[in-house]
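# Understanding the architecture of this molecule
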Amino acid sequence: MTTTLRPTGPERRAADGARSRSYDICVNGRPVGRVRLAADGRLGPSAGRIEELAVHGPDRRRGRATVAALAAEEVLRGWGCRRIEASVPADAGPALRLAAALGYAERSRSMAKELSEPPVLPGGSVVRPLGADEYPAWLESRREAYARVWAGWGTDPEWARLRSEADHAGLLPDGPDTAGTALRVLVHEGEDVGTLWLATARARGSGAWVFDVEVAPSHRGRGHGRTLMLAAERECLAAGVRTLGLNVFTDNAAALRLYESLGHRPTAHHLHKPLL
């Protein structure tokens, strides 16, 4: 039997270079599933993404998804992509095993925690709002850090800088006064030791989201990251939100251990693979 991808409609293109297309997964011309592919500025100019891959029940466990994923790689190579990305729900065991068999590696994972009672902060630690006069320097440091992450993934440094500026502008349109946003400074025994960026109201998805936790280098290794996360829980509950989510890079072992110890559990795995 021959498994192929058959377009379900024309390719969609945007002025900024984004493109996408949907396909039926066919076996001898018979549709048995679907695939949706995309390449856009969210991932960098040379990255493609499997937005969806599904095989209908009766045709599962017959290698259809494997062939479809490999065919998707060929399509994205034809689009000029040099890497491929995919996100898999944490409870989708077969999809995670397939991705591992095809050579995908985990870059980051989304995690979440259901909240109940506000935790008590350690003695000597208090949290205050980030001041308007502090905001420009904080924003510049976060932009630079975010751009370094993207550049470290092999993207063009100038593209990474523009991406960082655009993302921060979109998430913080009114700076420290952005609705549903908490920008906080952790003060320990009278000294500023770290910052928290938390969204308690999100345009997409439910629950609150930790965008950034940063402890000053000279104060790391003293539990302040944990205190900032406890502060995030308090902010959530004060806003009437009981689910706290975040994204953590897999190579940040210390952060992973911290979030797991606080009760966060994976909700999705974000994978990538070079297209040679």
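Let us look at the structure shown here.

Definitions and cut-offs
- Residues numbered from 1 in each chain as written.
- Predicted model: local features only at pLDDT ≥ 70, side-chain atom pairs only at ≥ 80, totals over all residues.
- Heavy atoms only, no water.
- Axes fitted to C-alpha atoms, helices over the stretch in contact; angles between N-to-C directions.
- Helix = DSSP H or I, 4+ residues; strand = E, 2+ residues; numbered from the N terminus.
- Parallel < 35°, antiparallel > 145°, perpendicular 65-115°, else oblique.
- Left-handed = near helix turned anticlockwise from the far one by under 90°.
- Contact = heavy atoms within 4.5 Å.
- Nonpolar A, V, L, I, M, F, W, Y, C, P; charged D, E, K, R; others polar.
- Core = buried A, V, L, I, M, F, W, Y, C linked by side-chain atoms within 4.5 Å.
- Buried < 20%, exposed > 50% of the residue type's maximum accessible area, 1.4 Å probe, protein only.
- Pairing = 2+ DSSP bridges.

## Concerning the packing of helix α3 (residues 135-152) against helix α4 (residues 157-171)
It is the contact of α3 with α4, at a shortest axis distance of 8 Å, that shows an interaxial angle of 135 degrees. What the angle tells us is that α3 and α4 run oblique. Both α3 and α4 take part in a crossing whose hand is right-handed. Where α3 approaches α4, its residues L139, R142, R143, Y146, A147, W150 and A151 are matched on the opposing element by W159, A160, R161, R163, S164, E165, D167 and H168. Residue classes in the contact of α3 with α4 are distributed as seven nonpolar, two polar and six charged.

## Digging into the nonpolar core
Residues L198, V210, M229, L244 and Y259 are the most contacted members of the largest nonpolar core, which totals 27 residues. Within the residue set of this core, elements represented by two or more residues are β9 (181-188), β10 (191-199), β11 (208-215), α5 (224-238), β12 (243-249) and α6 (253-261). Here this core gets seven residues from one element, more than from any other, and that element is α5. Discounting chain neighbours no more than four positions away, the residues touching L198 are G180, T181, A182, A208, W209, V210, A232, E235, C236 and L244. In terms of nonpolar packing, the next biggest core, distinct from the first, is built from 26 residues, I25, A39, L76 and C81 among them.

## Observations regarding the pairing of β9
In terms of residue burial, β9 counts as a mostly covered element, since seven of its eight residues are buried. Bridge count for strand β8 (residues 125-129) against β9 is five bridges, and the pairing is antiparallel. Paired with R128 across the bridge in β9 is V185. Across eight bridges, the pairing between β9 and β10 is antiparallel. Across the sheet, the residue bridging to L183 is W197, located in β10.

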